[in-house]
Every structure is written in structure tokens, then in C-alpha cells.
Amino acid sequence: MARHSKPQGSINIGRTSPFGNPVQIGKQCPVCSKLHNDAGSTGPCYERYLEARLSGDETKEKWAIKIAQTIPKLPIAADFQESVRSLYGKVLYCPGCGVDSPTCHGRILERFVQKIQN
């Protein structure tokens, strides 16, 4: 996996951040139970995970937290919605993808940040 320099002032959204993608390439997906073999294939499952985390539905949120707990060192933010809201206007940085990768989970996260602001 490529490593990229973190731009000054950017927010790390990598796997070891509260915004990390719990879906890993080449491993059984904790969301759909399938194997994702390329970066673009994890997006729909990450989106489903985010929707559950941000749903306001306790059952869905518990399911998503259980998913997040499958990844060692993935911190669980106490107020995930507020944490996502705090990303508004920030440059999101993923150590595995960089800043501008079109298949990075950060593009999905950016859409959710915008949705929360509106």
C-alpha cells in the first residue's frame, strides 16, 4: 500500500482514526461478508457503515460500532456525529490513499460531512 505525505493542517482519516474504513481489501468484509479485492469495491460497504453510525437509531449504531470493533486500534468516537461534523471545511488525509484518490473512503466521508451540515 502506498504511503503519502500528510499535508500540513489536514485531518487523518486513516484506519487508526475514528473515521477509518473498517472494510479491508483482501479480507472478509464485516459489513457484507464478501471479499473485496480492489479499493473501489469497499465504498458501498463503508457508506452503509457510515449511514448506520450516523442514523440516530440505537440498534443501527450498535451494529456499526460492532463492525468498527473488528479492526484493531480503530478508535470509537463517543459522539461520532459531532466528530464527523467537525470535519467540515478540512482537508481529509488517508495515509493509504493520499488526499485526492477517487476510490478513498474519504470521498464518501466528505459527502456525509456535507449532508450533516445541511
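So, how was this worked out
- Residues numbered from 1 in each chain as written.
- Predicted model: local features only at pLDDT ≥ 70, side-chain atom pairs only at ≥ 80, totals over all residues.
- Heavy atoms only, no water.
- Helix = DSSP H or I, 4+ residues; strand = E, 2+ residues; numbered from the N terminus.
- Buried < 20%, exposed > 50% of the residue type's maximum accessible area, 1.4 Å probe, protein only.
- Contact = heavy atoms within 4.5 Å.
- Phe/Tyr/Trp six-rings, centres within 6.5 Å; stacked < 30°, edge-to-face > 60°.
- Lys NZ or Arg CZ within 6 Å of the ring centre and 35° of its normal.

A. Quick look at the side chain of T42. Assignment of secondary structure puts T42 in the loop between β1 (11-12) and α1 (43-53). With a relative accessible area of 6%, T42 lands in the buried category. Excluding residues that lie within four positions of it along the chain, T42 makes contacts with N21, V23, I25 and H36.

B. Spotlight on the packing of aromatic side chains. The final tally for this structure, using the stated rule, is two aromatic pairs. Arranged with centres 5.9 Å apart and planes meeting at 35 degrees, the rings of Y46 and Y49 form a pair that is tilted. Of this pair, Y46 and Y49 are both found in helix α1, three residues apart, which corresponds to roughly one turn of the helix. Here R53 stacks its cationic end above the ring of F80, 3.9 Å away from the centre of that ring. Between K115 and the ring centre of F112, over which it is positioned, the NZ or CZ distance is 4.6 Å.

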